[in-house]
Amino acid sequence: PTGPVVSRTVLVVAAHPDDEVLGGGGTFRRHVLEGDEVHALVACEGESVRYEGRDVHQSDHARRAAEILGFASLELVGWGDQRLDTMSLIDLVASLEERIQRLRPQIVYSHFSGDLNRDHRILAEAVTVACRPVEGRIEELLSFETPSSTEWNAPYRFAPNYFVDITRTLDD
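All values reported here derive from a predicted model rather than from experimental measurement.

## Comments concerning the sheet that holds strand S4 (residues 107–111)
For step 1, the next point in the chain: Taken in spatial order, the five strands make up an open sheet running S3-S2-S1-S4-S5, and their pairing is parallel. Bordering the open sheet on either side are strand S3 (73–79) and strand S5 (140–144), each of which pairs with just one other strand. If you compare each strand with its neighbour and ignore which way they point, the axes differ by 15° on average.
For step 2, the next point in the chain: Strand direction decides the pairing type here: strand S1 (residues 9–14) and S4, joined by three bridges, are parallel. Counted as the bridge partner of Val-10 is Ile-107 from S4.
For step 3, the next point in the chain: Packing of helix H4 (residues 89–103) onto the sheet brings it into contact with S1, strand S2 (37–44) and S3, and relative to S3 it is tilted by some 165°.

Pasting the structure below:
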């Protein structure tokens, strides 16, 4: 063999460029180092609200991060930043289902459903629906915390029950 044997396919679904790194970059890098094929899907362009009028290129940073972490693919969908609430849930779910069907991941990671950021909450709901139990589909659906967003939404508390040691991958 010319490379690591892929044991699992992992899909990371994030709302904005940088969420896929802040939410679990060390964990995703560990998956790669263990031979898993990790794909990232970033739903929103992440610039029009937060960086409006500034010369910021979130997509360039996301591509570089994907390269460093070793992702097999990065799909930047480009929906409007802070605009997922203008789309119907069924359209979001259908779009995610198509991608899930194509990639056939065993593990899916996405946002915590109690996050302060509305795009994060909406995407978490859509991912949960798209990953609903159907024979031969997703084995694990895991939520990640997004620092500077998850912890701000009282009374919701992110109470993780799954932990990954990222000592080896934190610097990456």
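That was the structure; now back to the text.
## Comments concerning the confidence of the model for the protein chain
For step 1, the next point in the chain: Residues of the protein chain with pLDDT of at least 70 account for 90%, and the chain-wide mean is 88.
For step 2, the next point in the chain: The secondary-structure element of the protein chain with the lowest mean pLDDT is helix H3 (residues 58–69), recorded at 92, while S1 shows the highest, at 98.

## Re the packing of aromatic side chains
For step 1, the next point in the chain: In this structure the tally under the stated criterion is three aromatic pairs.
For step 2, the next point in the chain: Where Phe-112 meets Phe-158, the ring centres are 5.1 Å apart and the plane angle is 75°; that geometry is what we call edge-to-face. Residue Phe-112 is found in the loop between S4 and helix H5 (118–130), and its partner Phe-158 is found in the segment after S5; the two are separated by 46 residues along the sequence.
For step 3, the next point in the chain: For Phe-112, a relative accessible area of 15% corresponds to the buried category.
For step 4, the next point in the chain: For Phe-158, a relative accessible area of 24% translates into the label partly exposed.
For step 5, the next point in the chain: What links up through ring pairs into an aromatic cluster is the set Phe-28, Tyr-109 and Phe-144.

## As for unusual backbone geometry
For step 1, the next point in the chain: At Asp-18, a residue that is not glycine, the phi angle is positive and equals roughly 110°.
For step 2, the next point in the chain: Phi is positive for Gln-82, which is not a glycine, with a value near 55°.
For step 3, the next point in the chain: Checked against the element boundaries, Gln-82 lands in the loop between S3 and H4.
For step 4, the next point in the chain: Residue class for Gln-82 comes out partly exposed when judged on its relative accessible area of 30%.

## Details of the layout of surface pockets
For step 1, the next point in the chain: In this model, the largest pocket occupies a volume close to 540 Å³.
For step 2, the next point in the chain: Lining the largest pocket are 26 residues, and of these Gly-23, Gly-24, Thr-27, Phe-144 and Glu-145 sit closest to its centre.
For step 3, the next point in the chain: When residues of the lining of the largest pocket are traced back to their parent elements, those giving at least two are helix H1 (19–22), helix H2 (25–33) and S5.
For step 4, the next point in the chain: With four residues, the top contributor of residues to the lining of the largest pocket is H2.
For step 5, the next point in the chain: Residues of the lining of the largest pocket, tallied by class, amount to 16 nonpolar, eight polar and two charged.

## Some details on the pattern of salt bridges
For step 1, the next point in the chain: The final tally for this structure, using the stated rule, is 11 salt bridges.
For step 2, the next point in the chain: Across the pair Arg-63 and Asp-60 runs a salt bridge, and its minimum N-O distance is 3.5 Å. In this pair, Arg-63 and Asp-60 both sit in helix H3, three residues apart, roughly one turn of the helix.
For step 3, the next point in the chain: For Arg-63, a relative accessible area of 46% translates into the label partly exposed.
For step 4, the next point in the chain: Overall, the relative accessible area of 46% leaves Asp-60 in the partly exposed class.

## What to know about the side chain of Asp-19
For step 1, the next point in the chain: Within the fold, Asp-19 resides in helix H1.
For step 2, the next point in the chain: In this structure Asp-19 comes out as buried when scored by relative accessible area, which is 3%.
For step 3, the next point in the chain: A polar contact is formed between the side chain of Asp-19 and the side chain of His-120, at a distance of 3.0 Å.
For step 4, the next point in the chain: Those residues in contact with Asp-19, other than ones at most four positions away along the chain, are Ala-14, His-111, His-120, Phe-144 and Thr-146.

Rules and cut-offs
- Residues numbered from 1 in each chain as written.
- Predicted model: local features only at pLDDT ≥ 70, side-chain atom pairs only at ≥ 80, totals over all residues.
- Heavy atoms only, no water.
- Pairing = 2+ DSSP bridges.
- Helix = DSSP H or I, 4+ residues; strand = E, 2+ residues; numbered from the N terminus.
- Axes fitted to C-alpha atoms, helices over the stretch in contact; angles between N-to-C directions.
- Contact = heavy atoms within 4.5 Å.
- pLDDT = per-residue confidence, 0-100.
- Phe/Tyr/Trp six-rings, centres within 6.5 Å; stacked < 30°, edge-to-face > 60°.
- Buried < 20%, exposed > 50% of the residue type's maximum accessible area, 1.4 Å probe, protein only.
- 1 Å grid on protein atoms, 1.4 Å probe; cavity = no way out; pocket = protein on both sides within 12 Å on 5 of 7 lines; lining within 4 Å.
- Points joined across faces, edges and corners; volume = space filled by probe spheres on them.
- Nonpolar A, V, L, I, M, F, W, Y, C, P; charged D, E, K, R; others polar.
- Salt bridge = Lys/Arg side-chain N within 4 Å of Asp/Glu carboxyl O.
- Polar contact = N/O pair within 3.5 Å; in protein donor to acceptor, adjacent residues only side chain to side chain.

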